[in-house]
Amino acid sequence: LIRLGLALPQAAAPESLIGDAWDGILLGLLLQGLGRHHASMRAFEVTFAVEPESRDRLLPWPVPYPATAGAAQSALLAGWDIGVRGEAVDGPGRAACRRLALRWMREALECMRRMALTDAENGARRLRAAVSSWLEQSDYSLAREESNLRRLPAEEAEAWRTFWREARAAVE
């Protein structure tokens, strides 16, 4: 898989490599690990369009959380133009990536809330672990720390502040 990811041309369309949802999720994670955040975001986007229920699949991390949160991480990094050179996105494109990241984070939070309601013991524990992880990971700090939010348009910054308040409230 790593050789595959490295061999992909910078502008390659990942949709040609996605056979099923797990292919798309794994490709998205692989590209993310290679710093190809825009291509990773695109792989997740195609996967979620083809198989919408894949959005709620838990990624097998030490702290399991929905695939949408992993996808949001790539979209957020692409939205801040972080990653491999040659994948640069223009200003409006970066804003679109950040909007998509916010949408996916909201979906991930909602998925975790649903799990907490249906599986009181494990779901609540997973919700707390996922939100704690999001609050600690440096990639998410791009849309969490005030110094970064001040660099965004006011409406976008406020939408992120609202999300983080809701995430914190979900685990209190």
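Look a little higher up for the structure.
Let us look at the structure shown here. On a predicted model such as this, the values are computed, not experimentally measured, just so you know.

## Thoughts on the overall build of the chain
Secondary structure summary: the chain contains 9 helices and 2 strands in total. In sequence order, the secondary structure elements of the chain are arranged as α-α-α-β-β-α-α-α-α-α-α. Counting over 172 residues, the chain shows a buried share of 48%. Pairs at least 24 apart in sequence give 64% of the contacts found in the chain among residues at least 6 apart. If you sum the accessible surface of the chain, you get close to 8600 Å²; carbon and sulfur atoms cover 54% of it.

## Regarding the pattern of salt bridges
Under the definition given, this model contains 10 salt bridges. In this structure, the salt-bridge partner of Glu107 is Arg55, at a minimum N-O distance of 2.7 Å. In this pair, Glu107 is assigned in helix H5 (residues 91-118) and Arg55 in the loop between helix H3 (37-50) and strand S1 (58-59), connecting sequence segments 52 residues apart. Among the residues examined, Glu107 registers a relative accessible area of 23% and is labelled partly exposed. Notably, a salt bridge pairs Arg161 with Glu146, separated by 2.4 Å at the nearest N-O pair. With Arg161 in helix H9 (residues 154-170) and Glu146 in helix H8 (residues 146-149), this residue pair connects regions lying 15 residues apart in the sequence.

## Describing the nonpolar core
Within the largest apolar cluster, 43 residues are counted, with the highest numbers of intra-cluster contacts made by Trp104, Met105, Trp134, Trp160, Phe163 and Trp164. Of all the secondary-structure elements, those providing two or more residues to this core are helix H2 (21-33), H3, helix H4 (67-79), H5, helix H6 (120-136) and H9. At 12 residues, H5 tops the list of elements feeding residues into this core. With residues up to four places along the chain from it excluded, the contact list for Trp134 reads Tyr65, Ala69, Met105, Ala108, Leu109, Met112, Tyr140, Arg144, Phe163 and Trp164. Among the nonpolar cores identified, the runner-up in size contains 5 residues, and Leu27, Leu31, Ala39 and Ala43 belong to it.

## Description of the packing of H2 against H3
As a packed pair, H2 and H3 sit with axes 8 Å apart at the nearest point and diverge in direction by 165°. One way to sum up the angle between H2 and H3 is to call them roughly antiparallel. Every pair of crossing elements has a handedness; the one defined by H2 and H3 is left-handed. Residues Ala21, Gly24, Ile25, Leu27, Gly28, Leu29, Leu31 and Gln32 of H2 pack against His37, Ala39, Ser40, Ala43, Phe44 and Thr47 of H3. Of the residues that constitute the contact of H2 with H3, the class distribution is 8 nonpolar, 6 polar and no charged.

## Considerations on the environment of Gly28
Relative to the assigned elements, Gly28 resides in helix H2. With a relative accessible area of 0%, Gly28 lands in the buried category. Along the backbone, Gly28 and Arg42 are 14 residues apart, and their C-alpha atoms lie at a distance of 7.8 Å. Excluding its chain neighbours within four sequence positions, the residues that come into contact with Gly28 are Ser40, Ala43 and Phe44.

## What about the environment of Asp23?
With respect to the helices, strands and loops of the structure, Asp23 is situated in helix H2. Judged by its relative accessible area of 35%, Asp23 falls in the partly exposed class. A sequence separation of 24 residues divides Asp23 from Thr47, and the C-alpha atoms of the two residues are 8.4 Å apart.

## Overview of the packing of H3 against H4
Axes are the key here: two packed helices are described by the angle between their axes and the distance separating the axes. Where H3 meets H4, the closest approach of the two axes is 8 Å, and the angle between their N-to-C directions is 145°. Where H3 crosses over H4, the two elements pack in a sense that is left-handed. Residues His37, His38, Ser40, Met41, Phe44 and Phe48 of H3 pack against Ala67, Thr68, Gly70, Ala71, Ser74, Ala75, Leu77 and Ala78 of H4. For the contact of H3 with H4, the class distribution of residues is 8 nonpolar, 6 polar and no charged.

Reading the values: the criteria
- Residues numbered from 1 in each chain as written.
- Predicted model: local features only at pLDDT ≥ 70, side-chain atom pairs only at ≥ 80, totals over all residues.
- Heavy atoms only, no water.
- Helix = DSSP H or I, 4+ residues; strand = E, 2+ residues; numbered from the N terminus.
- Buried < 20%, exposed > 50% of the residue type's maximum accessible area, 1.4 Å probe, protein only.
- Contact = heavy atoms within 4.5 Å.
- Areas by Shrake-Rupley, 256 points an atom, 1.4 Å probe, with all protein chains shown as cover.
- Salt bridge = Lys/Arg side-chain N within 4 Å of Asp/Glu carboxyl O.
- Core = buried A, V, L, I, M, F, W, Y, C linked by side-chain atoms within 4.5 Å.
- Axes fitted to C-alpha atoms, helices over the stretch in contact; angles between N-to-C directions.
- Parallel < 35°, antiparallel > 145°, perpendicular 65-115°, else oblique.
- Left-handed = near helix turned anticlockwise from the far one by under 90°.
- Nonpolar A, V, L, I, M, F, W, Y, C, P; charged D, E, K, R; others polar.

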